[in-house]
Amino acid sequence: MEAGGLPLELWRMILAYLHLPDLGRCSLVCRAWYELILSLDSTRWRQLCLGCTECRHPNWPNQPDVEPESWREAFKQHYLASKTWTKNALDLESSVCFSLFRRRRERRTLSVGPGHEFDSLGSALAMASLYDRIVLFPGVYEEQGEIVLKVPVEIVGHGKLGEVVLLASMDQHCSTTRLCNLVFMPAWFSPFMFKTTSGHVQFDNCNFENGHIQVHGPGTCQVKFCTFKNTHVFLHNVPLCVLENCEFVGSENNSVTVEGHPSADKNWAYKYLLGLIKSSPSVLPTESADSLMSLDLESRDQAWSPRTCDIVIEGSQSPTSPASSSPKPGSKAGSQEPEVGSDGERVAQTPDSSDGGLSPSGEEEDEDQLTYRLSYQVQGPRPVLGGSFLGPPLPGASIQLPSCLVLNSLQQELQKDKEAMALASSVQGCLIRKCLFRDGKGGVFVCSYGRAKMEGNVFRNLTYAVRCIHNSKIVMLRNDIHRCRASGIFLRLEGGGLIAGNNIYHNAEAGVDIRKKSNPLILCNQIHHGLRSGIVVLGNGKGIIRNNQIFSNKEAGIYILYHGNPVVSGNHIFKGRAAGIAVNENGKGLITENVIRENQWGGVDIRRGGVPVLRSNLICFGYSDGVVVGDEGKGLIEGNTIYANKGCGVWMMSSSLPHVTSNHVSYNGLYGVAVFSQKDGSGELPGGHAAQENFSEDGDAILWETELEKDDDPLRQPVSVALVESNSINHNGASGLYVQSNEALHVVTNVIHANGDRGITVAQSSQLTRVANNSISCNRQSGVKVEAQCKVELRGNGIYDNRGHGIITKGDSTIVIENDIIGNRGSGLQLLPRSDTKVIKNRIHSFRAYGIAVRGRTKALVQENIIFQGKTNKTIFQQVSNNRDCVMQNNKFLVFKKKSDTWRLVNPPARPHLENFLRGSSAAHSGQKVTAMATRITARVEGGYHSNRSIFCTIL
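Since we're looking at a predicted model, the values are computed, not measured.

### Details of the overall build of the protein chain
Reasoning step 1: Counting secondary structure elements, the protein chain contains eleven helices and 79 strands.
Reasoning step 2: Counting contacts in the protein chain only where the partners sit at least 6 residues apart, residues at least 24 apart contribute 55% of the total.
Reasoning step 3: As presented, the protein chain carries roughly 37300 Å² of accessible surface, and 49% of it is formed by carbon and sulfur atoms.

Shown next as structure tokens:
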């Protein structure tokens, strides 16, 4: 018969009346008929699937309103699964006589119920043979003693689900059993409704209420389309069990417990279950791999080259400064090739073309104006991200991240990480797939070397979703975990595994809680809108946290404390109501290549012994400070881009000992880097924020006795003095560096450029602040200002083109030695009353003021300096009063005589240069045993950059 003899619509209408065997026969006629049978997917195959009393909607219970991709495929999978329990019969053919084989093929159907062959299930089982089918007709069947299943049988309820209720305790001693379309309740003498130790049991479309199910390895089970109401499923040492499309409701304890390592002994059903799992659709993504966009935020080159600097002075009685001869202090540092000046020397543009008006030639001058060209090249750490985030942020513009910062898909990450791919593809222990856990205490509990894999499940309104402890391993793929009353996922006591592609949100505690040497891989999850932190790592917890989106959590996106030591890389952490990442109470961690943006408090907060490695992150658009290093904070802060935060770029307390190096700190609202001595938490905070943090899974306060480990990590070499080194600090709203400190500080080899106030302000420094080998240029006010009673050493710096004085000091112990102070609008060096300063071996030039100006009674030693005249009719040195305490010795004063005079800064070349620079020695620091309870971080926001407190937060 040809399928084309009638219209296809008519054939489909006819074939819609056929039963399953007839459809199979028709599909074998020819290819045209085969394709015609396949085209019945949304009609006849859908009717067959929904009309089967042994199964429910293929997407029940999580998405019962969503159509499956293929009704025929869904029906096929259920049909194959329903026959798994009989596969053992094939193994018996070679070992039993032919009559037994005939008896199995002609298995009987035994009817149980009023008016039928048997009155009770027990009497029917006594007469049952191998693979017989026992049908229970509607009614309530209560067995007074334990039922022992000695031969493989199939027990099926007749009618709709709920019409057959079985109150019994069943113990399986046979190789296989199937139970279908029944409601199980425990008998009066035992809470166990079913248990098996070695055989295989299959449950289809059953309800279980108020009891327990127990499976011991090497026993196996397969459960589909079942509902568990206040029922506990206990799996002990199982090699493989499958729970699919089930609903767990109202558990008073854990809904499913997986305990013990999977048994090495496997029963006959293991290979069939494994084949069934591999043949069924997986929740793993299957899209083809695109080109991987790796996040390349390695540390930038630190090359500093010696510079030869020419100062070309032109004298004139009228303005003679054409734009072509003006300096260009706005060009980006190191981003353009040096120009060739009219004198044939190499003339490098000064940094940043966005500095309009900051150079002397940017404004109109009087008739005595001199023009000069400064041929020096400023080279600091190169900006990260290939030049992105270097311009000023546009008000109201949406944030556009570079393509290199777009997160990879889960499939891309798994293809990059073969070990993670193998873990995601493995099946061992218990597989829980497409199930719903709701309205109870616990979801899944995996303990004592247990193994469990969870795919496509929904966990909601529980105390917790998953707990993994005692060397157990879990694989969680694309689950939905929300509204838990504690944390969503707990890992304790060396638990581990893979947590990937999950949606974790609206939980009362942390989305993921990692403690006590647990070491999971947390990959490509969305963790958001939590009432506490997104991820918490503490108590020597570890883990790899990679490529996740962590956002809109009420507390820190990632919170590391009590010797927690994770690797946090490639995540997007944004729009949190507190810090992006908080490292507290001796927490550690390698935090690298993350995008941390738009958080209410600091992007990263480090304090109380926290000692992370913070490297190559983008920390931007925060509503407070970029990085906060609070009381006793430590760690390495290296190679980060800290951009456009409303507070400071980096805020440190003087009692902390961080190493801040090679960062690009720009366009922040307040200071680029601020160092304060005032302790946080000096009083009660408004809003009731003084409550203590609670990290107990059951809500009780606990004290952690942490095991101290020897810290020999080469990334965490300790420093004895806070060190700000080799950073590019530019275009910040206030001073580039602000110091109000009671402890020593080293500021070396930084580029401090075009900031909205001074380059460096030292407001308080009772111990020595050492400022060495920095380039300080084009700042809106003075290059460096030292307030009264401060101890500061300025050595080997290049201080260029600042709109105020080069250096202005009131300090009682200021050493200015071997600096180049060139081209500043005010005086090169201004010494204010009651200051005590040593000015030795500097090269000083002011564009239109004095080289050195002494105001009032000042104690000073000015010795062996070279001072250039900067403007006609003004002297090189000014001293307001007759001051015997100001000693001038062996200085060289250079006054131009004609237009062609040229002075060159050689021997040494223009500063800064690093040939003989050595970092100071550092002392080792030791850990401290932690027995304190963690405390809640609370915030106090102060307006204006004149406040001595960070805009970020206070810890009580």
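### Looking at unusual backbone geometry
Reasoning step 1: A cis amide bond links W60 with the next residue in sequence, P61, at an omega value of 5 degrees.
Reasoning step 2: Position of P61 relative to the elements: it lies in the loop between α4 (41-51) and α5 (71-82).
Reasoning step 3: Backbone torsion omega between G217 and P218 reads 10 degrees, so that peptide bond is classified as cis.
Reasoning step 4: Along the chain, the position of P218 falls in the loop between β13 (212-216) and β14 (220-224).
Reasoning step 5: Even without being glycine, H506 reaches a positive phi, approximately 55 degrees.
Reasoning step 6: Summarising the element assignment, H506 is placed in the loop between β31 (503-505) and β32 (512-515).
Reasoning step 7: Residue classification places H506 among the partly exposed positions, given a relative accessible area of 32%.
Reasoning step 8: The phi dihedral of E585 is positive, around 50 degrees, even though this residue is not glycine.
Reasoning step 9: Locating E585 in the fold gives a position in the loop between β41 (581-584) and β42 (590-592).
Reasoning step 10: Exposure remark for E585: the relative accessible area of 8% places this residue in the buried category.

### So, the packing of aromatic side chains
Reasoning step 1: Using the criterion set out here, one finds 19 aromatic pairs in the structure.
Reasoning step 2: Summarising the aromatic geometry, the rings of W85 and Y131 are spaced 5.8 Å apart at their centres and angled 45 degrees between planes, so their arrangement reads as tilted. Taken together, the positions of W85 in the loop between α5 and α6 (88-92) and Y131 in the loop between α8 (121-127) and β2 (132-136) put the pair 46 residues apart, joining distant regions of the chain.
Reasoning step 3: Note on Y131: relative accessible area 2%, which makes it buried.
Reasoning step 4: Taken together, F184, F194, F203, F208, F228, F248, F437 and F459 form an aromatic cluster joined through their ring pairs.
Reasoning step 5: Just above the ring of Y464 sits the side chain of R467; from NZ or CZ to the centre is 5.5 Å.

### Considering the confidence of the model for the protein chain
Reasoning step 1: For the protein chain, mean pLDDT is 79; residues scoring 70 or higher make up 75% of the total.
Reasoning step 2: Averaged over each element, pLDDT in the protein chain is lowest for strand β78 (residues 937-938) (25) and highest for β31 (98).
Reasoning step 3: Confidence over residues 679-693 falls short of pLDDT 50; this stretch has 40 contacts with residues more than four positions distant or in other chains.
Reasoning step 4: A low-confidence stretch, residues 696-712 stays under pLDDT 50, and its non-local contacts, those more than four residues away or across chains, total 42 contacts.

### Things to note about the pattern of salt bridges
Reasoning step 1: All told, the structure shown has 30 salt bridges when counted by the stated rule.
Reasoning step 2: With a shortest N-O distance of 3.5 Å, K416 and E413 are connected by a salt bridge. Taken together, the residues span about one helical turn, with K416 and E413 both in helix α10 (residues 410-416) at a distance of three residues.
Reasoning step 3: Given a relative accessible area of 42%, K416 falls into the partly exposed group.
Reasoning step 4: For E413, a relative accessible area of 2% puts it in the buried group.
Reasoning step 5: D605 is the partner of R607 in a salt bridge, and the nearest nitrogen-oxygen pair spans 3.0 Å.
Reasoning step 6: With a relative accessible area of 0%, D605 lands in the buried category.
Reasoning step 7: Residues participating in the shared-partner salt-bridge network are R133, E154, R178 and D204.

### Points about the nonpolar core
Reasoning step 1: Membership of the largest hydrophobic core comes to 127 residues, with the highest contact counts inside it found for M170 and L235.
Reasoning step 2: At five residues, strand β26 (residues 458-468) tops the list of elements feeding residues into this core.
Reasoning step 3: If we skip the residues at most four places from it in the chain, L235 touches V215, C221, C241, L243, V256, T257, V258, E259 and C430.
Reasoning step 4: In this structure, W11, W45, C49 and F75 belong to the second largest nonpolar core, which totals 14 residues.

Calculation rules
- Counting from 1, residues in each chain are numbered in the order their sequence is written.
- Local features are withheld for residues below a pLDDT of 70 in this predicted model, meaning they are given only at 70 or higher, and side-chain atom pairs are given and counted only at 80 or more; totals for whole chains, interfaces and linings count all residues.
- Note that the side-chain values use all heavy atoms of the structure and ignore hydrogens as well as water.
- The secondary structure listing takes helices from DSSP runs of H or I that are at least 4 residues long and strands from runs of E that are at least 2 residues long, numbered from the N terminus.
- Here, two residues are considered to be in contact whenever any of their heavy atoms come within 4.5 Å of each other.
- Areas reported here follow the Shrake-Rupley algorithm with a probe of radius 1.4 Å; residue values treat only the protein chains shown as occluding.
- Working definition: with a 1.4 Å probe on protein chains only, accessible area under 20% of the residue-type maximum means buried, over 50% means exposed, and in between means partly exposed.
- Here the aromatic set is Phe, Tyr and Trp, taking the six-membered ring for Trp, and pairing holds for ring centres within 6.5 Å; pairs whose planes are under 30 degrees apart are stacked, those over 60 apart are edge-to-face, and all others are tilted.
- Ring-over charges, as used throughout, are those where CZ of Arg or NZ of Lys falls within 6 Å of the ring centre and within 35 degrees of the ring normal.
- Note on scores: pLDDT gives the predictor's confidence for each residue, bounded by 0 and 100.
- Throughout this description, the term salt bridge denotes a Lys or Arg side-chain nitrogen within 4 Å of a carboxyl oxygen of Asp or Glu.
- Put simply, buried Ala, Val, Leu, Ile, Met, Phe, Trp, Tyr and Cys residues joined by side-chain atoms within 4.5 Å make one nonpolar core.

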